[in-house]
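Letter by letter, the chains look like this.
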Amino acid sequence: MGKGRIKLIALLITGLCLALLLAACGSDKQTETSPFPDGTFQSIIGQLQPGPTLSPVPEETSSNSTPEIEPMTPPAPEPEPEPNFTPIVVSTPLPPLPTSTVTTGSSTTASSHPPTAPVTTAKPNPSPNPTNTAAPQPPLPTPGGPLSEVFRGKPGKKQVAITFDAGAASESFPLIASALKKYGVKITFFLTGQWARQNPTFVQQISSQGMEIANHTWTHPDLTKISNELIRDEIQRTDDLLTQLSGHTSKPLFRFPFGARDSRVTKVINEMGYRSIYWTVDSLDSVGAPKSTDFIISRITSLTDAQLDGAIILMHIGARTSAEALPTILEKLQERGFKIVTISQLLK
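Residues numbered from 1 in each chain as written. Predicted model: local features only at pLDDT ≥ 70, side-chain atom pairs only at ≥ 80, totals over all residues. Heavy atoms only, no water.

Draft legend 1. The arrangement of the overall build of the protein in detail. Scanning the protein from terminus to terminus reveals 12 helices and 10 strands. By residue count, 37% of the 348 residues in the protein fall in the buried class. Sequence separation of at least 24 residues holds for 75% of the intrachain contacts in the protein that already meet a minimum separation of 6. Summing over all exposed atoms, the protein offers an accessible surface of approximately 21500 Å²; the carbon and sulfur share of this is 58%. (Helix = DSSP H or I, 4+ residues; strand = E, 2+ residues; numbered from the N terminus. Buried < 20%, exposed > 50% of the residue type's maximum accessible area, 1.4 Å probe, protein only. Contact = heavy atoms within 4.5 Å. Areas by Shrake-Rupley, 256 points an atom, 1.4 Å probe, with all protein chains shown as cover.)

Draft legend 2. Here's a closer look at the nonpolar core. Ile 162 and Phe 189 are the most contacted members of the largest nonpolar core, which has 42 residues in total. At 6 residues, helix 11 (residues 320-335) tops the list of elements feeding residues into this core. Beyond its immediate sequence surroundings of up to four residues, Phe 189 is in contact with Phe 164, Phe 173, Ile 176, Leu 180, Ile 206, Met 211, Glu 212, Ile 213, Ala 214 and Ile 317. Counting 13 residues, the second largest nonpolar core, distinct from the first, contains Val 150, Ala 214, Trp 279 and Val 341. (Core = buried A, V, L, I, M, F, W, Y, C linked by side-chain atoms within 4.5 Å.)

Draft legend 3. Broad picture of the packing of helix 4 (residues 173-182) against helix 6 (residues 200-208). Closest axis-to-axis distance for the helix 4/helix 6 pair is 12 Å, and the angle between their directions is 10 degrees. As the angle between them shows, helix 4 and helix 6 are arranged roughly parallel. Along the contact surface, helix 4 presents Phe 173, Pro 174 and Ala 177, while helix 6 presents Phe 202, Gln 205 and Ile 206. Looking at the contact of helix 4 with helix 6, its residues break down into 5 nonpolar, 1 polar and no charged. (Axes fitted to C-alpha atoms, helices over the stretch in contact; angles between N-to-C directions. Parallel < 35°, antiparallel > 145°, perpendicular 65-115°, else oblique. Nonpolar A, V, L, I, M, F, W, Y, C, P; charged D, E, K, R; others polar.)

Draft legend 4. Up close: the environment of Gly 193. In this fold, Gly 193 is placed in helix 5 (residues 193-198). Distance in space between the C-alpha atoms of Gly 193 and Gly 167 is 8.3 Å, their sequence separation being 26 residues. Ignoring anything within four residues of it in the chain, the contact list for Gly 193 reads Thr 217, Trp 218, Thr 238 and Leu 241.

Draft legend 5. Just unusual backbone geometry, in detail. Going from Lys 251 to Pro 252, the amide bond is cis rather than trans, its omega being 5 degrees. You can see Pro 252 is positioned in the loop between helix 7 (228-246) and strand 6 (253-254). Unlike most non-glycine residues, Thr 217 shows phi in positive territory, near 70 degrees. Within the secondary structure, Thr 217 is located in the loop between strand 5 (212-215) and helix 7. Thr 217 sits in the buried class, given a relative accessible area of 0%. Non-glycine residue Phe 258 carries a positive phi angle of around 65 degrees. Here Phe 258 shows up in the loop between strand 6 and helix 8 (263-271).

Draft legend 6. Geometry of the confidence of the model for the protein. In this model, the protein carries a mean pLDDT of 76, and residues with pLDDT of at least 70 account for 62%. For residues 77-143, every residue scores under 50 in pLDDT, and the model assigns this stretch 72 contacts once sequence neighbours within four places are set aside. (pLDDT = per-residue confidence, 0-100.)

Draft legend 7. View of the pattern of salt bridges. A full pass over the atoms with the stated rule returns 5 salt bridges. Put simply, Glu 149 and Arg 261 hold a salt bridge, and the shortest N to O gap is 2.8 Å. Of this pair, Glu 149 sits in the loop between strand 2 (107-111) and strand 3 (159-166) while Arg 261 sits in the loop between strand 6 and helix 8, placing them 112 residues apart in sequence. In this pair, the class of Glu 149 matches that of Arg 261, namely buried. The shortest N-O distance in the salt bridge between Asp 165 and Arg 255 comes to 2.8 Å. Separated by 90 residues along the polypeptide, Asp 165 in strand 3 and Arg 255 in the loop between strand 6 and helix 8 bring together distant segments of the chain. Taking the relative accessible area as the measure of exposure, Asp 165 reaches 5% and is therefore buried. Connected via shared salt-bridge partners are Lys 158, Asp 305 and Arg 336. (Salt bridge = Lys/Arg side-chain N within 4 Å of Asp/Glu carboxyl O.)

Draft legend 8. Structural view of the packing of helix 4 against helix 11. The contact between helix 4 and helix 11 brings their axes to 9 Å, and the two run at 5 degrees. It follows from the interaxial angle that helix 4 and helix 11 lie roughly parallel. In contact with Leu 175, Ile 176, Ala 179 and Leu 180 of helix 4, helix 11 contributes Arg 320, Ala 323, Glu 324, Leu 326, Pro 327 and Leu 330. Here the residues of the contact of helix 4 with helix 11 sort into 8 nonpolar, no polar and 2 charged.

Printed below as a string of structure tokens:
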């Protein structure tokens, strides 16, 4: 408290005491002897400002109670300023990627990507009525020998081997058999075990007419996707049934379902005494949309003599338009001086 305020309080107390004394002596004397004439006392009172009000201290409810202490929350750390990064600008343009040529079928297109390994299209799952929907693959580079893969016969003999795969329907077989008999032609049939079991009479007819029977597995699976044990079972079961129905083994002629093979599965069939028979010309009768009879005829007969010489042609019993096109194909090829032979005759 300041010294000025203390003096004022002291004067106030003195004044009050004098006022009380004057009141006791009489009102007249009070007025004459007042130390604060002309309202000085009221002005002094007005100069005194009230001090801060103190809140009452709450009573303790219990002598043993301990006041609760609120936990202190540490202040949140201030975020550190992010560093200022200066982007790097490449002033020299990067060189373009090398351009490679990608060949698909008969067309060639340019690619801006570097050359990569060829991509193998996934083969369809085996079904009771399999069809060859996979695009033809190039022959594997197998070493020479009696069991090396065949995709063409020796040229110069003007021979053509027409082959029929059987794994689906069989309704068109009588048309095929009739055309072969009419033109005196012997060909090779690649039969699955399931087809042979469902059509034992046709298998016996093929054999009795001097046609050639070859192995095409039991259920027409993609052999590259199953184990060696299952591969052997697929082939052996088929050979057992074909031997029973025809009187002779299907060895050594074998065709991979969908044309799908690699070094592993090729080794397995070679160890079993079989040789892979691929094809030179695919009639496309089981690829994509159904083909017309005229398409099948043109697909084969429009080839030049050099393209047909020693060629192995792939067709399917399940494609009716192939059966309907066969008589015209045989007639046109024979008119051009070609001889239609079995695979064994082509390889002699």
